[in-house]
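What the coordinates show
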Amino acid sequence: MNNSPTPNPAPAIDKVRAGLARRRAAEKRFRAYGLSGIILGLAFVATLFLSIISQGYTAFFQTEVRLPITFDPALLGIPANAPDQKALSTADYDALVKHSLAELFPKVTQRRERRQLSDLVSGGASFELRGMLLSDPSLLGRQVEVWLPAGDDVDMLMKGHFDRNAPESERRVKDNQIGWLDQLTGEERLVQRFNTTFFTAGDSREPELAGIWGAISGSFYVLLVTLSLSFPIGVAAAVYLEEFAPTNKWTDLIEVNINNLAAVPSIVFGLLGLAVFINFFGLPRSAPLVGGLVLTLMTLPTIIIASRAALKSVPPSIREAALGVGASKVQTIFYHVLPLAMPGMLTGTIIGMAQALGETAPLLMIGMVAFIVDIPQSMFDPATVLPVQIYLWADSPERAFVERTSAAIMVLLAFLIAMNFTAVLLRKRFERRW
Amino acid sequence: MQPTALMIVLLVITSAAYFFGRRRAVSAAGGQPRYLNSLPAYYGFYTSLWSGLPALVVLALWLTLDSSVITHLVVAGLPDELRNLPASRLSLVINDIHNMVSGNVVSRPDDPVMLAAAERYREMRTLSLAALTVVVLALAAAGGAFAWRRIHTDLRARNAVERMVVLVLVGCSTLAIFTTIGIVLSVLFESIRFFQAVPLTDFLFGLSWSPQMAIRADQVGSSGAFGAVPLFAGTLLISFIAMLVAVPVGLLAAIYLSEYAGPLLRAWAKPVLEILAGIPTVVYGFFAALTVAPLMRDWGSALGFHVASESALAAGVVMGIMIIPFVSSLSDDVINAVPQSLRDGALALGATQSETIRRVVIPAALPGIVGGILLAISRAIGETMIVVMAAGLSANLTANPLEAVTTVTVQIVTLLVGDQEFDSPKTLAAFALGLLLFLVTLVLNVIALYVVRKYREQYE
């Protein structure tokens, strides 16, 4: 038998060389795929922010109309000399606005046109006038120039959200109204000003009167409850699991539970809150207290996991030194380990709070979706929170609520970014590498 | 005394107990703290714990139980014809009494029976508060005095206090278990009541979902259909679309960041991508409903398709965007956990970098990546706000992503938001769906956590 090798084999290097171009191209392609993944991700971030900012920044301004208002007792329907408080607060302030508009546009006589005319000014103008007169009764009988909020359709038109050139039938602001507005602009009676109402008012059906202060107060009370419960409980649980717990079935069970709860859908916590806190314990619906309790249960896993990591990073030598000079275990932990782990725990807590601030779904379950105009004054008052307010406004049909929703989102994101930034700063400033 | 005021008084008493306990310990040692078993402060804590804790426990129990006990007593005192009303009518009467007590508007303001009941309720509440005040203050004083009398130089105050501290720590850590039990029980009870009205098989395998219950028996369309299959299909369709977006983008981004990117890009791109994870879901919902969905509809009609304005596609794509950082950071972790020696070995054999990644790194990291994707799926299934705002309400059984579908979470929200009577099958159905959601995500999480943990152990 002849064992000679196969005649004249192509050297392996030739095979490698033959495939090299293809392989290099594949390498390039793969890199490009990876890069495109990142670029796509970053593009999503950019689109999201751009779309929200471009839709929302105009909400920080509000069109206002300057009207010469005469506080005429005859129009108000109250006695001219020294009317009492009750008469002042129930007087007909709407008539003042209508009268003033009628004087500015004397040609408008038809009933329908008059109504269109009074639509230019917000329905909330009368409340503003009432406030003015109540705080300064000497205005009675005098004429003053007053800046009043314009109606939401006017506001949208002035901000360019409505197309002036669209056919009249498809436009919410009619031709004659545009004419009056142009006249008002010419007289410098129509300007856009910083929208303070948006930051100081509660919810309203009228976009130009709606604000986020009620929702922010609600969020504040909810977070107050959440923070005051979840921080101590979370830290205590982490200390026990990290420093005291023996390794046994019970500890394992606790750990499995914590890891699982961290991944349970938030809406399930809402069901828990509804069944336990509201139906079983009979706590009030829509109250920040219940919201805070639900969010406490939801954020606890986050805080516990972060706190355990912080405790783990404290080197054992610290503990041994303390124990060595005669401290008890509890003393060692409370006087030496906890202070060193505190920055990490606070970071975890802030991140947990940011999560709680942005949470919506469980709060829908416990009735924090009601339409609430009043600013909540305690954690038992019915309230709503900022994300739920966003949800409610996003459902409203008025065009003006779209920009207000975006603006509320910007405020919410500003809070969240500030919180996360604080967390990062805290970590950078106090984190120790041992 | 009002509970809040009582709490403040209790706080004052415990602080006083601290002070007196400490003073007694010091004087028992003749002004020489070194003769004491523990530091003087521990005797103070010891005394205040004895005075505060029992009183606080009684206070908490009393406050949780008293309104139901009083209601029960008031109901027992009602005339027979009111007491024998069906449960739902009776609860209306009770509500009326509660409203009358708190001075709200009621339906029958002049009914003498109701007025008497409200008066009785008010009396009993006053009585209960008075009794509570006496009991709590007596307990606080007695506990404090007991501890105070026990203080002498050999009392192991520190050990007692520390035992208590550890007990509190244990209590806090078991809260996680109680939360789980609470979730299970709260959804389970209502679900069982639901399944008494609607058979389990109808619920799991029924093909039509229209949770209308009749107010009157002869109403048109009075029979509600509770077949959850369309909901599962809708949930899966949207989650699938989300995964189609999130997995490739997230995975590619993670690979590029961990294998190719320089430190500068890594330092910037990673936190920016993680911004996506920090954005509240309601923001994504708004983005999906007002920006993405109209865009898709316009593109669709430009291409000649009919796209529903609440299409599964819009909700799914935006949900995918939300999940990108979740996939990318989990994959990043597992890819980084692959030992460098594996890469070096492949590179030394002459493989290009992409071949190393595709043939060595990814297969090695695969279990971890799969675990991460499972966690991401469980998030997509449980995600609520995006679908509530951007997906539809009508339960279509379809696989066409251009049509509107509804999901489990959307139905839970629509069934429970608004005014409902609490024991109609319609409301209970929400809890059955909640139970299902909890179980599915639980199974996915357990598998995922197990896979990830096993994978970590492999390379540690």
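Each chain carries its own residue numbering, running from 1 in the written order of its sequence. For naming, the first written chain is A and the first written ligand is 1, with later ones following in the order written. Confidence filtering applies because this is a predicted model: local features only for residues at pLDDT of at least 70, side-chain atom pairs given and counted only at 80 or more, and all residues used for totals across whole chains, interfaces and linings.

1. A look at the overall build of chain A
- Helix and strand counts for chain A come out as 18 helices and three strands.
- It is over C-alpha atoms that the radius of gyration is taken, and the globule rule equals 2.2 Å times the number of residues to the power 0.38. Against the globule reference of 22 Å for 434 residues, chain A gives a C-alpha radius of gyration of 32 Å, more extended than a compact globule.
- Three exposure classes are used, all based on how many other C-beta atoms lie within 10 Å of a residue's own C-beta (placed from the backbone): buried at 20 or more, exposed at 12 or fewer, and partly exposed between those limits. Counting only residues that meet the buried cut, chain A has 43% of its 434 residues in that class.
- Any two residues are considered in contact once their C-beta atoms, placed from the backbone, lie within 7 Å. If you take every contact in chain A between residues at least 6 apart in sequence, the share linking residues at least 24 apart comes to 76%. Counting from the N terminus, the helices are DSSP H or I runs at least four residues long and the strands are E runs at least two residues long.

2. Comments concerning the overall build of chain B
- Of regular secondary structure, chain B possesses 16 helices and two strands.
- By the compact-globule yardstick of 23 Å for 460 residues, chain B is too spread out, its C-alpha radius of gyration being 31 Å.
- Classification of the 460 residues of chain B by burial places 41% in the buried group.
- In chain B, the proportion of contacts linking residues at least 24 apart, taken out of those at least 6 apart, comes to 74%.

3. A look at the interface of chain B and chain A
- At the interface, 70 residues of chain B touch 66 residues of chain A.
- A total of 20 residues in the side of chain B that touches chain A trace back to one element, the largest contributor, which is helix α6 (residues 157–197) of chain B.
- Any residue outside Ala, Val, Leu, Ile, Met, Phe, Trp, Tyr, Cys, Pro, Asp, Glu, Lys and Arg is labelled polar, Gly included; the first ten of those are nonpolar and the last four are charged. Among the residues forming the side of chain B that touches chain A, the class breakdown is 46 nonpolar, 21 polar and three charged.

4. Focus on the environment of Ala399(B)
- Mapped onto the secondary structure, Ala399(B) falls in the loop between α14 (385–390) and α15 (408–416).
- For the pair Ala399(B) and Leu237(B), spaced 162 residues apart in sequence, the C-alpha separation works out to 6.8 Å.

5. Brief notes about unusual backbone geometry
Residue and element names in this part refer to chain A.
- Backbone geometry places Glu188, a non-glycine residue, at a positive phi of 55°.
- Positive phi outside glycine occurs at Ser286, with the angle close to 65°.
- Assignment of secondary structure puts Ser286 in the loop between α12 (266–280) and α13 (288–312).
- On the basis of neighbour counts, which here come to 21 C-beta atoms within 10 Å, the residue Ser286 falls in the buried class.

6. Brief notes about the environment of Arg171(A)
- For Arg171(A), the location among the structural elements is in the loop between α7 (152–158) and α8 (175–186).
- Sequence separation of Arg171(A) and Leu157(A) is 14 residues, and the distance between their C-alpha atoms is 9.7 Å.

7. Re helix α17 (residues 386–394) of chain A
- Among the nine residues that make up α17(A), nine are buried, leaving the element largely enclosed by the rest of the structure.
- When α17(A) is considered as a whole, its buried residues turn out to be Leu386(A), Pro387(A), Val388(A), Gln389(A), Ile390(A), Tyr391(A), Leu392(A), Trp393(A) and Ala394(A).
- Those residues of α17(A) that are buried lie in contact with α10 (213–244), α15 (329–358), α16 (361–365) and α18 (399–430) of chain A together with α10 (281–303) and α14 of chain B.

8. Concerning the packing of α12(A) against α6(B)
- Comment: axis = line fitted to C-alpha atoms, over the contacting stretch for helices; angle = value between 0 and 180 degrees taken between N-to-C directions. Viewed as axis vectors pointing N to C, α12(A) and α6(B) meet at an angle of 70°, and their least axial separation amounts to 9 Å. As the angle between them shows, α12(A) and α6(B) are arranged roughly perpendicular. Two secondary-structure elements touch here, α12(A) through Val268(A), Leu271(A), Leu272(A), Ala275(A) and Val276(A) and α6(B) through Gly182(B), Ile183(B), Ser186(B), Val187(B) and Glu190(B).
- Classifying every residue of the contact of α12(A) with α6(B) by side-chain character gives seven nonpolar, two polar and one charged. Roughly parallel means an angle under 35 degrees; roughly antiparallel means over 145; roughly perpendicular covers 65 to 115; every other angle is labelled oblique.

9. Section: helix α11 (residues 312–337) of chain B
Residue and element names in this part refer to chain B.
- The first and last C-alpha atoms of α11 sit 36 Å apart over 26 residues, in line with the 38 Å expected at 1.5 Å per residue.
- Of all the bends in α11, the largest measures some 40° and sits at Ile323, one to four residues before the proline Pro325.
- For α11, the buried fraction is high: 22 of the 26 residues fall into the buried class. Expected helix span is given by 1.5 Å per residue-to-residue step, counting one fewer step than there are residues. For a residue, the bend is simply the angle between two axes, fitted respectively to the seven-residue segment ending there and the seven-residue segment starting there.

10. With respect to the packing of helix α9 (residues 263–278) of chain B against α11(B)
All names here are of chain B.
- Interhelical geometry of α9 versus α11 gives an angle of 125° and a closest axis separation of 7 Å. Between α9 and α11, the angle is such that the two are oblique. Between α9 and α11 the crossing geometry is left-handed. Of the residues in α11, those touching α9 at Leu273, Glu274, Leu276 and Ala277 are Ile321, Met322, Ile324, Pro325, Phe326, Ser328 and Ser329.
- Across the contact of α9 with α11, the residue classes break down as eight nonpolar, two polar and one charged. Handedness of a helix crossing follows the sense of rotation of the near helix relative to the far helix, less than a right angle counterclockwise being left-handed and clockwise being right-handed.

11. Overview of the environment of Ile94(B)
All names here are of chain B.
- Position of Ile94 relative to the elements: it lies in helix α4 (residues 87–101).
- Using a count of 18 C-beta atoms within 10 Å as the deciding quantity, one classes Ile94 as partly exposed.
- With residues up to four places along the chain from it excluded, the contact list for Ile94 reads Thr71 and Val75.

12. Let's talk about the confidence of the model for chain B
- For every residue, the predictor states its confidence as a pLDDT score lying anywhere from 0 to 100. Scored by pLDDT, chain B has a mean of 86; 94% of the residues are at 70 or more.
- On the interface metric, ipTM, the complex scores 0.88, and its pTM is 0.87.

13. Observations concerning the nonpolar core
Residues and elements named next belong to chain B.
- Of all hydrophobic cores here, the largest spans 217 residues; its most connected members are Ala288, Ala315, Val318, Ile386 and Ala390.
- Counting residues per element, this core draws most heavily on helix α8 (residues 229–260), which supplies 17 residues.
- When neighbours within four sequence positions are excluded, Val318 is seen to be in contact with Tyr284, Phe287, Ala288, Val292, Ile386 and Ala390.
- Joining buried Ala, Val, Leu, Ile, Met, Phe, Trp, Tyr and Cys residues through C-beta atoms within 7 Å gives a set, and that set is a nonpolar core. Ala25, Phe45, Trp50 and Ala157 belong to the second-largest nonpolar core, a separate cluster that totals 21 residues.

14. Observations concerning the sheet that holds strand β3 (residues 190–194) of chain A
All names here are of chain A.
- Taken together, three strands build an open sheet; the order of strands is β2-β1-β3 and the sheet is antiparallel. The sheet terminates laterally at β2 (143–149) and β3, the two strands that pair on one side only. Mean inter-strand twist for the sheet, computed between neighbouring axes without regard to direction, equals 40°. For two strands to pair, DSSP has to find at least two bridges joining them.

15. Observations concerning the domain arrangement of chain B
- The source of the domain bounds is an automatic or database domain assignment. The domains assigned to chain B are domain 1 (3–155) and domain 2 (225–459).
- Domain 1 of chain B and domain 2 of chain B are separated by 49 Å when their C-alpha centres are compared.

16. Let's talk about the pairing of strand β1 (residues 61–70) of chain A
Residue and element names in this part refer to chain A.
- Of the strand pairs in this sheet, β1 and β3 are connected by five bridges, and their pairing is antiparallel. By the bridge assignment, Phe61 is partnered in β3 with Phe194.
- For β1 and β2, the ladder comprises seven bridges, and the chain directions are antiparallel. When the bridges of β2 are listed, Leu67 appears paired with Val146.

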